[in-house]
Amino acid sequence: MNKTEVFILGHRYTIKGEKPSDHVKNLAAYVDEKLKSVYEQNPNLTPLRAAILACFYVADELEETKKTLQETMKKLQEIEAKTNELMKLLD
């Protein structure tokens, strides 16, 4: 099990897990960036409200990414079907 020290909003956290330290540090940097962005827009928020709002923004990004992935997979399937049709014509 790996232990990785990260800083989020100036606070140190020790994250334990199986993921490599670089991965954990990248995630922490992303979370830190999101929270700082929320605080810049709403400096009077409590830490809990800022964290919830940041989670909402991250969830929105995740949903958009899922949607894009689904659209890409659908296009890939269409390309594969057309490729198979063309291959049959060449036989």
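Placed above this text is the structure.
For the structure given in this document, a descriptive report is provided here. (Residues numbered from 1 in each chain as written. Predicted model: local features only at pLDDT ≥ 70, side-chain atom pairs only at ≥ 80, totals over all residues. Heavy atoms only, no water.)

**Brief notes about the overall build of the protein**
Then comes step 1: The helix and strand inventory of the protein stands at 2 helices and 2 strands.
Then comes step 2: When the helices and strands of the protein are read in sequence order from the N terminus, they spell out β-β-α-α.
Then comes step 3: At 21 Å, the protein has a C-alpha radius of gyration far larger than the 12 Å of a compact globule built from 91 residues.
Then comes step 4: A buried classification covers 12% of the 91 residues belonging to the protein.
Then comes step 5: A sequence separation of at least 24 residues applies to 17% of the contacts in the protein between residues at least 6 apart.
Then comes step 6: Here the protein displays about 7,900 Å² of accessible surface, and carbon together with sulfur accounts for 58% of that area.
Then comes step 7: Charge separation in the protein, taken as the distance between the mean sites of 14 positive and 15 negative side-chain charges, equals 5 Å. (Helix = DSSP H or I, 4+ residues; strand = E, 2+ residues; numbered from the N terminus. Rg over C-alpha atoms; globule rule 2.2 N^0.38 Å. Buried < 20%, exposed > 50% of the residue type's maximum accessible area, 1.4 Å probe, protein only. Contact = heavy atoms within 4.5 Å. Areas by Shrake-Rupley, 256 points an atom, 1.4 Å probe, with all protein chains shown as cover. Lys, Arg positive; Asp, Glu negative; His and termini not counted. Charge placed at Lys NZ, Arg CZ, Asp CG, Glu CD.)

**Some details on the side chain of Lys34**
Then comes step 1: In this structure, Lys34 sits in helix H1 (residues 21–41).
Then comes step 2: Taking relative accessible area as the criterion, Lys34 reaches 17% and is therefore assigned buried.
Then comes step 3: Of the polar contacts made by the side chain of Lys34, one reaches the side chain of Glu61; its length is 2.4 Å.
Then comes step 4: Not counting residues up to four positions away in its chain, the partners in contact with Lys34 are Ala54, Val58 and Glu61. (Polar contact = N/O pair within 3.5 Å; in protein donor to acceptor, adjacent residues only side chain to side chain.)

**Section: the nonpolar core**
Then comes step 1: The biggest cluster of nonpolar side chains holds 8 residues, and these are Val6, Ile8, Val24, Ala28, Leu35, Val38, Ala50 and Ala54.
Then comes step 2: Of all the secondary structure elements, the ones that give two or more residues to this core are strand S1 (2–8), H1 and helix H2 (47–90).
Then comes step 3: The greatest single-element share of this core, amounting to 4 residues, is contributed by H1.
Then comes step 4: Sequence-distant contacts of Ala50, that is, excluding residues within four places in its chain, are made with Leu35, Val38, Tyr39 and Leu45. (Core = buried A, V, L, I, M, F, W, Y, C linked by side-chain atoms within 4.5 Å.)

**Quick look at the pattern of salt bridges**
Then comes step 1: According to the stated counting rule, one finds 4 salt bridges in the structure shown.
Then comes step 2: For Lys66, the salt bridge goes to Glu63, with nearest N and O atoms at 3.6 Å. Here Lys66 and its partner Glu63 are both found in helix H2, 3 residues apart, which amounts to about one turn of the helix. (Salt bridge = Lys/Arg side-chain N within 4 Å of Asp/Glu carboxyl O.)

**Digging into unusual backbone geometry**
Then comes step 1: Even without being a glycine, Leu9 presents a positive backbone phi close to 50°.
Then comes step 2: Mapped onto the fold, Leu9 is located in the loop between S1 and strand S2 (11–17).

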